[in-house]
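Inside the fold
The residues making up each chain are set out below.
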Amino acid sequence: MPTLVIVAFVGLLGQLVDGSLGMAFGVTATTFLVALTTLSPAAISATIHLAEIGTSAVSGASHWRFGNVDWKVVRRIGVPGAIGAFVGATVLSNLSTEIAKPLMAVILLVLGLYVLLRFTFRGIDTKNLGKPLRSRFLAPLGLFGGFVDATGGGGWGPVGTPALLASGRMEPRKVVGTIDTSEFLVALAASLGFLANLGGEGVNFGYAGAILLGGVIAAPIAAWLVRHFPPRLLGASVGGLIVLTNARTLVGKSALALDPGVQRAVYIVIVAGWIAAFAYSFVQYRRDSVLESADSIGELAARNASAGDDAKATVPA
């Protein structure tokens with residue numbers, strides 16, 4: 001029972017972060033389940049994706065209620081994402097545990113580092129806000145993001161959210177809401193892939209239910225928070241946590257088995273870098289807080305989209 005309570009809290013924390021930042025539910029939950037349980041990597045990813053079917057549905061409905069979803073983008077990125085997720089689930093299900101566990105830790109570490117650096121050092125590009133996103137960009141992105149998500153136990157958000165933010169064509173709140181909503185298709189396809197290959201073997205349905213419960217509680221709160229919590233600070237916090245936790249897996253017995261003194265030195269360096277990144281993020285946010293507010297970004301996106309529609313209307317048929 002105590003473990004189930006902790007797992008439910010992990011689901012709540014993961015969805016609170018994911019619904020506010022557009023990433024890190026799977027990465028956060030996988031990171032903690034690797035540390036808390038003896039499940040195989042495939043079983044962990046399958047357990048989390050089963051829970052994500054429910055959490056992403058509730059999260060998507062909550063974001064839709066707050067006007068945070070672009071349904072055209074959901075369709076164009078979500079369907080390729082589902083294909084990639086099914087393929088990724090099949091690949092992970094056929095890897096041995098000895099290979100899969102350190103591989104998963106490497107994937108999560110790289111994703112965590114990307115989240116940390118992306119939200120620490122880059123602001124929000126506003127010159128292209130409101131302009132349409134093309135399928136030739138969204139389809140490959142969805143295919144890759146879905147594959148990484150299934151093989152790493154998370155990655156749909158860390159791949160999709162920064163890419164859409166980097167395009168500068170969508171408001172951050174709509175990027176978050178759209179990625180969270182499309183994740184329903186990815187989670188469903190990944191779950192079907194795992195069940196087809198594993199037949200439910202090793203999957204912990206109790207953990208899946210606990211994660212789902214925590215995620216459902218957090219989803220509407222996160223959809224509201226996305227308008228208020230600074231993305232830079234949340235990104236720096238979550239990215240650092242993911243890097244630290246997965247570095248522990250890699251330097252420990254499961255992979256490199258480094259000397260305890262070397263392990264401590266690695267942890268100190270990571271924590272020091274994490275603190276520095278958060279401090280830098282805070283300074284940058286304070287400097288750009290007016291420009292990065294949800295209201296100002298939304299108004300600018302609406303103006304740009306309206307200008308684009310007017311330009312199309314003036315082009316002769």
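Since the structure is predicted, the reported quantities are computational estimates derived from the model, not experimental observations. (Residues numbered from 1 in each chain as written. Predicted model: local features only at pLDDT ≥ 70, side-chain atom pairs only at ≥ 80, totals over all residues. Heavy atoms only, no water.)

Together, Lys72, Arg75, Arg76, Arg134 and Arg136 line one region of the surface with positive charge. Sort the elements by how many residues they give to the positive patch and helix H4 (residues 71–93) lands first, with three residues. The residue arginine 136 is located in helix H6 (residues 135–152) in this model. Judged by relative accessible area, which is 72%, arginine 136 ranks as exposed. (Patch = residues over 30% accessible without salt bridge, like charges linked within 9 Å, V, L, I, M, F, W, Y side chains within 5 Å. Areas by Shrake-Rupley, 256 points an atom, 1.4 Å probe, with all protein chains shown as cover. Salt bridge = Lys/Arg side-chain N within 4 Å of Asp/Glu carboxyl O. Lys, Arg positive; Asp, Glu negative; His and termini not counted. Charge placed at Lys NZ, Arg CZ, Asp CG, Glu CD. Helix = DSSP H or I, 4+ residues; strand = E, 2+ residues; numbered from the N terminus. Buried < 20%, exposed > 50% of the residue type's maximum accessible area, 1.4 Å probe, protein only.)

Core analysis: the biggest nonpolar cluster contains 31 residues, and Val73, Ile77, Leu164 and Phe194 have the highest contact counts within it. Every element with two or more residues in this core is listed here: helix H3 (41–65), H4, helix H5 (97–121), H6, helix H7 (156–167) and helix H8 (172–198). Residue contributions to this core peak at seven residues, all from H8. Contacts of leucine 164, omitting those with residues within four sequence positions, involve Val73, Leu133, Phe137, Leu138, Leu141, Arg169, Met170, Val175 and Ile179. Counting residues in hydrophobic clusters, the runner-up holds 14 residues, among them Ala29, Ile44, Ala208 and Ala210. (Core = buried A, V, L, I, M, F, W, Y, C linked by side-chain atoms within 4.5 Å. Contact = heavy atoms within 4.5 Å.)

A word on the packing of H3 against helix H9 (residues 205–225). Closest axis-to-axis distance for the H3/H9 pair is 8 Å, and the angle between their directions is 20°. Taken together, the axes of H3 and H9 lie roughly parallel to each other. H3 and H9 meet at a crossing whose hand is right-handed. Touching Thr47, Ile48, Leu50, Ala51, Gly54, Thr55, Val58, Ser59, Ser62 and His63 of H3 are Phe205, Tyr207, Ala208, Ile211, Leu212, Gly215, Val216, Ala219, Pro220 and Ala223, all from H9. Residues belonging to the contact of H3 with H9 are distributed by class as follows: 13 nonpolar, seven polar and no charged. (Axes fitted to C-alpha atoms, helices over the stretch in contact; angles between N-to-C directions. Parallel < 35°, antiparallel > 145°, perpendicular 65-115°, else oblique. Left-handed = near helix turned anticlockwise from the far one by under 90°. Nonpolar A, V, L, I, M, F, W, Y, C, P; charged D, E, K, R; others polar.)

End to end, H8 covers 37 Å across 27 residues, agreeing with the expected 39 Å (1.5 Å per residue, within 8%). Taken as a whole, H8 carries its principal kink of about 30° at glutamate 183. Counting buried residues along H8, 19 of its 27 residues qualify, which places the element largely inside the surrounding structure. Of the residues trailing H8, glycine 199 is marked for its positive phi of about 65°. (Expected span 1.5 Å × (residues − 1). Bend = angle between axes of the 7 residues up to and from the residue.)

So, about the packing of H3 against H8. To characterise two packed helices, one gives the angle between the axes of the helices and the distance between these axes. Close contact between H3 and H8 brings their axes to 7 Å; oriented N to C, the two are set at 150°. It follows that H3 is roughly antiparallel to H8 by the angle criterion. Of the two elements, H3 crosses H8, and the hand of that crossing is left-handed. In terms of residue class, the contact of H3 with H8 is built from 14 nonpolar, nine polar and three charged.

A few words now on a nonpolar patch on the surface. A surface patch of nonpolar side chains, amounting to about 470 Å² of accessible area, comprises Val79, Ile83, Val87, Val91, Leu143 and Phe147. The class for valine 87 is partly exposed, based on a relative accessible area of 41%.

A separate point is the side chain of threonine 47. Structurally, threonine 47 is set in helix H3. Beyond its immediate chain neighbours, meaning those up to four positions away, threonine 47 contacts Leu39, Val203, Asn204, Tyr207 and Ala208.

Note that all results are geometric; they support no functional claim without further evidence.
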